[in-house]
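Coordinate inspection notes
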Amino acid sequence: MSMLEEIPVSNNGVPEPEIAQASKPVSRMRLVLSRLRSTPRFWVGVIGLGAVILWAAFGLIPNQWNYTDLDVYSMGSSPNSVHWFGTSDIGEDIYAQTIVGLRKSLVIGLLVGPIAAIIAGIVGAVAGYLGGWWDRTIIWFIDLLLVLPSLFLFILLSPIFKSLSWVALIFLLAGFGWMIMARVIRAQTMSLRERDFIKAARFMGVDTWTIIRRHVLPNVSSLLIIDATLGVGGAILSETTLSFFGFGIQAPDVSLGTLLASGQGAAVTRPWLFIFPAAILVFTVLSASLVGDALRDAVDPTSGVNRD
Amino acid sequence: MIGFIVKRFINYAILSAIATLSAYVLASMILNPAGRYLGRNPRPSDATINTILDGLGVNPNTPVIERLWNWAVNLVTQGSLGETIHNTSVISEMAARAGTSLRLLILGTIIAAVFGVILGVWGAVRQYKFSDQAISYGSFAILATPSFVLGILLMIAATALNGFLGVQLISFTGEYTAGLDGGLWVHFWDRAAHLLLPTISLALMGAAGYSRYQRSAMLDVLSADYIRTARSKGRTRGSALVRHGVRVALIPMSTYFAYSFATVLAGAAVTELVFSWHGMGEFLFQAIQQSDINAFTGAVLFNAILVLIAGTLSDVVYAALDPRVRV
Amino acid sequence: MTENLTTDLSLARRRGASPSNHLLEVRDLTVTFPQPSGSVTAVRGVNYHVDQGEFLGIVGESGSGKSVSSLAVMGLLPSSAQVSGDILFEGRSLLGRSDKEMSKLRGEGISIIFQDPLSALTPVYTIGTQIAEALLLHDKSLSKLAANARAVELLKVVGIPNPERRAQAFPHEFSGGMRQRAMIAIAIANNPRLIIADEPTTALDVTIQAQILEVLQKAKEMTGAAVVLITHDLGVVAGNADRIAVMYAGRIVETGTVDQVFHEPSMPYTVGLLRSMPNLATAGHTRLVPLEGRPPLLTNLAPGCPFAPRCPVAIDACRTTEPPLIVFGNDPANSAACLRVAEIASGALDRSQLYPVPEPIAPADRAEVLSKSVLRVEKLVRHFPLTKGSVFKHSIGTVRAVDGVSFDIKSGQTLGLVGESGCGKSTTIMEILELAKPQAGQITINGVDVAVMSKKERQALRRDIQVVFQDPMASLDPRLPVQDIVSEPLTVHGVPAKERLKKVLDVLELVGLDPSMASRYPHEFSGGQRQRIGIARALVTDPKIVVLDEPVSALDVSIQAGVINLLEDLQEKLGLSYLFVAHDLAVIRQIADTVSVMYLGRIVESGPAEAIFDNPQHPYTRALLSAVPVPDPTVERTRQRIILDGDLPSPTEEISGCNFRTRCPLYLLMDPAGQEKCRTVDPVSRPLNSSEVACHHAEHIDRMTGTTKQPQRP
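Residues numbered from 1 in each chain as written. Chains lettered and ligands numbered in written order. Predicted model: local features only at pLDDT ≥ 70, side-chain atom pairs only at ≥ 80, totals over all residues. Heavy atoms only, no water.

Comments concerning the overall build of chain B
Per the secondary structure count, chain B includes 12 helices and zero strands. Viewed in the frame of its principal axes, chain B has a C-alpha envelope of about 85 × 60 × 35 Å. Restricting the contact set of chain B to residue pairs at least 6 apart, pairs at least 24 apart contribute 72%. With the model as given, the accessible surface of chain B reaches about 13800 Å², and the carbon-plus-sulfur share is 68%. If you average the places of the 22 positive and of the 16 negative side-chain charges in chain B, the two averages end up 18 Å apart. (Helix = DSSP H or I, 4+ residues; strand = E, 2+ residues; numbered from the N terminus. Contact = heavy atoms within 4.5 Å. Areas by Shrake-Rupley, 256 points an atom, 1.4 Å probe, with all protein chains shown as cover. Lys, Arg positive; Asp, Glu negative; His and termini not counted. Charge placed at Lys NZ, Arg CZ, Asp CG, Glu CD.)

Structural notes on the UniProt feature "transmembrane region" (unreviewed entry) in chain B
Residues and elements named next belong to chain B. In the numbering used here, UniProt assigns the "transmembrane region" (unreviewed entry) feature to residues 12-31, 104-125, 137-161, 192-210, 256-275 and 295-321. From the first C-alpha to the last, residues 256-275 spans 28 Å; its make-up is 95% helix and 0% strand. Counted over residues 295-321, helix gives 100% and strand 0%. Its end C-alpha atoms are 39 Å apart. (UniProt positions renumbered as here; feature names shortened; annotations may be inferred.)

Here we look at the interface of chain B and chain C
Listed by partner, the interface residues are 26 residues for chain B and 31 residues for chain C. Run the count over chain B and chain C and you get three salt bridges. Between lysine 233 of chain B and glutamate 133 of chain C there is a salt bridge, with its nearest N and O atoms 2.9 Å apart. Looking at the side of chain B that touches chain C, the elements that each hand over two or more residues are helix 1 (2-30), helix 9 (225-233) and helix 10 (237-274) of chain B. When residues of the side of chain B that touches chain C are assigned to their parent elements, the largest contribution, seven residues, is made by helix 9 of chain B. Among the residues making up the side of chain B that touches chain C, the classes are represented as nine nonpolar, six polar and 11 charged. (Salt bridge = Lys/Arg side-chain N within 4 Å of Asp/Glu carboxyl O. Nonpolar A, V, L, I, M, F, W, Y, C, P; charged D, E, K, R; others polar.)

What about the side chain of glutamine 214 of chain B?
All names here are of chain B. By the element assignment, glutamine 214 lies in helix 8 (residues 184-222). Among the polar contacts made by the side chain of glutamine 214, one reaches the main-chain carbonyl oxygen of alanine 249 at a distance of 3.5 Å. Contact partners of glutamine 214, with chain neighbours within four places excluded, come to Gly116, Val117, Gly120, Val121, Ala249, Leu250 and Met253. (Polar contact = N/O pair within 3.5 Å; in protein donor to acceptor, adjacent residues only side chain to side chain.)

Here's the deal with the sheet that holds strand 2 (residues 40-50) of chain C
Residues and elements named next belong to chain C. Taken in spatial order, the four strands make up an open sheet running 2-1-4-5, and their pairing is antiparallel. The open sheet has two edge strands, strand 2 and strand 5 (92-93), and neither has a second partner. When strand 4 (residues 82-89) meets strand 5, the two strands line up antiparallel, connected through two bridges. Along strand 5, the bridge assignment pairs phenylalanine 89 with arginine 92. Across the sheet, helix 2 (residues 66-74) is in contact with strand 1 (24-33), strand 2 and strand 4; its angle to strand 1 comes to roughly 110 degrees. (Pairing = 2+ DSSP bridges. Axes fitted to C-alpha atoms, helices over the stretch in contact; angles between N-to-C directions.)

A closer look at the interface of chain A and chain B
The interface of chain A with chain B comprises 52 residues on the first partner and 55 residues on the second. Counting each side, the surface lost to burial between chain A and chain B is near 5000 Å², with a carbon and sulfur contribution of 76%. The interface formed by chain A and chain B contains one salt bridge. Taking the shortest distance from any N to any O, the salt bridge between aspartate 293 of chain A and arginine 212 of chain B comes out at 3.3 Å. Across the chain A-chain B interface, the total number found is one residue pair in polar contact (both at pLDDT 80 or more). Elements represented by at least two residues in the side of chain A that touches chain B include exactly helix 3 (40-58), helix 5 (132-147), helix 6 (150-162), helix 10 (208-244), helix 11 (256-264) and helix 12 (272-299) of chain A. (Buried area = accessible area lost by both parts, 1.4 Å probe.)

A short note on the packing of helix 11 (residues 280-289) of chain B against helix 12 (residues 293-321) of chain B
Residues and elements named next belong to chain B. Here helix 11 crosses helix 12 at 145 degrees, and the two axes come no closer than 8 Å. Here helix 11 runs over helix 12; the crossing is left-handed. Contacts between helix 11 and helix 12 involve Met280, Phe283, Leu284, Ala287 and Ile288 from the first element and Ala295, Phe296, Ala299, Val300, Phe302 and Asn303 from the second. For the contact of helix 11 with helix 12, the class distribution of residues is 10 nonpolar, one polar and no charged. (Left-handed = near helix turned anticlockwise from the far one by under 90°.)

What to know about a nonpolar patch on the surface
Together, Ile106, Leu107, Ile110, Ile111, Val114, Phe115, Ile118 and Leu119 of chain B line one region of the surface with nonpolar side chains, adding up to about 690 Å² of accessible area. Turning to its location among the elements, valine 114 of chain B is positioned in helix 5 (residues 90-125). (Patch = residues over 30% accessible without salt bridge, like charges linked within 9 Å, V, L, I, M, F, W, Y side chains within 5 Å.)

Structural notes on the sheet that holds strand 6 (residues 110-113) of chain C
All names here are of chain C. What the eight strands build is an open sheet, ordered 6-7-8-3-9-10-12-11; its pairing is mixed. In the strand order of this sheet, the two ends are held by strand 6 and strand 11 (326-327), each with one partner. Of the strand pairs in this sheet, strand 11 and strand 12 (residues 335-336) are connected by two bridges, and their pairing is antiparallel. Each residue of the ladder has a partner; that of valine 327, found in strand 12, is serine 335. Sheet contacts for helix 7 (residues 176-188): strand 6 and strand 7 (194-198); angle to strand 6, the most-contacted strand, approximately 175 degrees.

Description of the pairing of strand 2 of chain C
All names here are of chain C. Where burial is concerned, most of strand 2 is hidden: nine out of the 11 residues are buried. Note that strand 1 and strand 2 share eight bridges and pair antiparallel. By the bridge assignment for strand 2, glutamate 25 is matched with histidine 49. (Buried < 20%, exposed > 50% of the residue type's maximum accessible area, 1.4 Å probe, protein only.)

Some thoughts on the environment of valine 307 of chain B
Along the chain, valine 307 of chain B turns up in helix 12. Taking C-alpha positions, valine 307 of chain B is 28 Å from asparagine 87 of chain B, a pair spaced 220 residues apart along the chain. Contacts of valine 307 of chain B, omitting those with residues within four sequence positions, involve Val147 of chain A together with Phe261 and Leu265 of chain B.

Re helix 18 (residues 557-574) of chain C
Residues and elements named next belong to chain C. For helix 18, with 18 residues, the first-to-last C-alpha span of 26 Å sits near the 26 Å given by 1.5 Å per residue. Counting buried positions along helix 18 gives 15 out of 18 residues, so the element sits mostly inside the fold. Count one or two residues on from helix 18 and you reach glycine 575, which has phi positive near 65 degrees. (Expected span 1.5 Å × (residues − 1).)

So, unusual backbone geometry
All names here are of chain C. Phi at asparagine 191 takes a positive value of approximately 50 degrees, unusual for a residue other than glycine. The topology assignment puts asparagine 191 in the loop between helix 7 and strand 7. Taking relative accessible area as the criterion, asparagine 191 reaches 44% and is therefore assigned partly exposed. One non-glycine residue, asparagine 446, lies in the positive phi region at around 50 degrees. Position of asparagine 446 among the secondary structure elements: in the loop between strand 16 (440-445) and strand 17 (448-449).

Here it is in structure tokens:
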């Protein structure tokens, strides 16, 4: 999800062709919305994500089994009209379990994405605007975390948050999910800092924090929205991977990761134990990243425009 | 140019060193190596446990700084990374496993980079045409799939294929078939058959990421003025894109390669576990599960060195591709 | 003689779809770009032709469709563009040809020189390779070695010193002027019959512009090619072109011989454009005549003449029918698209009275000013260390960005600080605006040395000194409404919100904007209006000094005049002092009372504006002035032009003695003893006639004679 890195996301980078200046001035917001509307990927993503959220919220209502119920009469049965996604070896209803797991994964993803984006925005803007030692220290810290894969750190830290509730996991994932985006925000801030309106504010005597709050953060907000959206998918991926290996969500809580872990052994022989939760997982993350990618194309006029 | 690369190498080397040392400190603070003995029946005496821990250099009663110092001194003077909790040398454990991991990593990365670049360029040039849409949705789907799911899905597919063909064409458990008789070729083919799925899994993930990045780098280049200049000299659009466009669009890829390498390492570790390979990924996971500080630090050092090599390599490629950084 | 004949033929042929015997003929060209918000027709029925060896100038402001039409000729428009009409080159139609067929013609028959030579050259190949590539593409029998040798030859032709070594260099190692020379070398590599130059000098300094125009003329003579020069600067074509076509809103609105268009323009737009341009020959004596309004949007054109809303002599018929381009007068080369062309051509409508000349500020409204020094800069120095080394940074030199600059601005006066890019003028004003202690020297504002001020005093002083930037788009935060932008300086000084709003509405009115637009966002305004917002922001604190950093150079010519007039009026009304930084000498001539000319971090000459412009004493000033093109073909043909050699030396270079001597034309004319002095003694500023000049031999300045431009036609 680090494609933004190194590709300058500017709104004045490439000079627009002559014709663009002649077109009617439309507000940036409306331009972005109209670009979004004409992007099929955006609609696929939004409808997909909406459907997943609705399903997670109301999907249990028509189902006669709860996720803790054990149907002793049909253990390890394949999908049928009673158990839509089949049952596990001890008779758990996979449909109910998938929904409950999905809820947890969604909540984690939807919280971690925006929290990480906020951290990235503040850290990136501070590093980019203040420069000097602030910048060097922050960049070193970020680089350090890029050398040490965050998955390994999560696993190392797992003994601590295993004992805490699953909420701790949210902060952990957010705490290690902002680095790449912070670099992008920093690069963007550095180019903003040289822009005349920031210089103008400086020469007027506006203080640093006001400039960051009034001029820098609003001007990188579109990047942060994109990051928050893409971060949702990334967080769900990290959570499921951790839970799959037993380092994340702990019993009795259920997430898609723990569900996949228990279905793994039977993946080849009784694929429904694995395929259904896996498909839901991929679909959810895919939808979120399609929305994020469409947003990025809509916000950045240079991306996705082939002017040849 | 040499100066540039030396500088970047030193930067990476310092980063790797700090990463390793902080991993040691972090592991020492979090992991509890004594726990392993407390659960034993009969429970060893505190003194015995202390002796064992002292022998490993992981006794929590010794200050972390002192342990770190001893560890570092050992590394520098004897080239030793300490002993694992099973009283084997960390270095020899790693030596036995490193080859397995490297084979997977190198093959997977090369295949991923080649396919990623080709698909990305193709997608950019054919923007919004069917092939671009297919590549895009394909890469998004792969990027949305956790590596362990991808691995298991490949296994399910391979089982179905084997069942359909009626022969064990693709094997996927472990690195090789245990107790296999036969000559060199038999062993070679056996290993290749085992290598197939994990490599595909790793390469797919890498290629999906690279292709997205290469596509957007290439799109930037497509509208560049120098493409127009090349065409105005008398090149056709296609030939201008290949001769002038791809060459420039590769430059940001070399940087991306360095940044994405840590992700690749994590993906490779997960893939090893899924396919039951006894590589460095498994070593690292087990180290944490068994609260083995020395083994964990060794594994982190291994990864850090790989990042160091990958980063320097990508800078060499960068300097070779872009005359602007050659000082 | 022959030309008239061909024009007659073309007129006869235009009625039927007959073959053309012009080198290039564009017939009824229309280019439309489909866009989600509605399609944009950038070119709407353009007709023109170019004959062998002819020099055609196409003039237009941004958005007039001048570049799009030339890209259409090259077949380089985006594939989404819909092109109709016909383009005939050597009698054969170019439209509908495949990319492969076109690529055989591009570079060999028609070549093009683009505006920005940095982005137009591939960064990863050497200059030599890129020139050789153009040769190899069209001559398969050429060996690589021969192509490289020819590339070196071409670099020599376009005037690049050390061509053998320079051919091995990459584009980023070239200066802007050298890159543009390399682009010309690529364009002439295959001896094309037609060279299109699309704003070839726009990004360059005047002295470099003069060099490039000279190389372009030379290239034309060598290859015998016809040239189409596309520009927004009327001055650039005045001296070079045979014929001119003026474009407005996607159409040609007037075309004719260069003398006809410049001396007797017949379309009100052309008249207005010529009147609104600050012109070295006339500036300073007369007020500029602004061309109000802005070009129409091409998405949704109203019926009628697109210029009608801005036209002072539009009649009702102008708003219903769009006039065609019709021939008037005796020469069939001259035509204009105006319903009232006959009246204008006959003199019934007086050209000079077409646009009302704005009244100067009434004496009663003028502010009283006491002549005292408000901003005094003495021996200001700003050096940047230049570091090198990858592992261990070490200093390899100093960039002497500002190297002992002194000037003094009196209240109510304007100081014009002029110089080419890289001369240190921007660094100078940034140093002043920081209000911090300079590295060396002294900055005194209102009699107080800024170096000894407390933080609080400094903050209070910021009320008195404000700044207006060059690019009005970049200097306004796109996320804030205009009232927040304009009131921002007041927030710093703790002015209550209610008072702030009142003040904002007042200043908006003062700069000629409707106060009811205060809640809108910057993107809803045109370039000229945005610059007015920038001026309003600078005035909101009632400053005494306004620093203007190239305030009009990002604006179209027709907009510039209005902003310059506004600045002049505000100065009179409010008694402001301006530090006006610009590279455009004509603009400086228009507005400045005193002028300082900067070169490599030093002021080489300063004095009253009339003295500097009418009787420059320093060889650099003289060269600079002679390089500025004047939009008058008669003046241009008889002018003496001093072309400086080479580029501005890098500010890291240590030049002993006078730092201009490496390019100085006067230095070459001095005897050995005089040259010795230039080499060893750093000239100090000394009064001469009525200006201060830093040159040892300023008394001998009249030894310098420029080259007169060769007459274009026999």
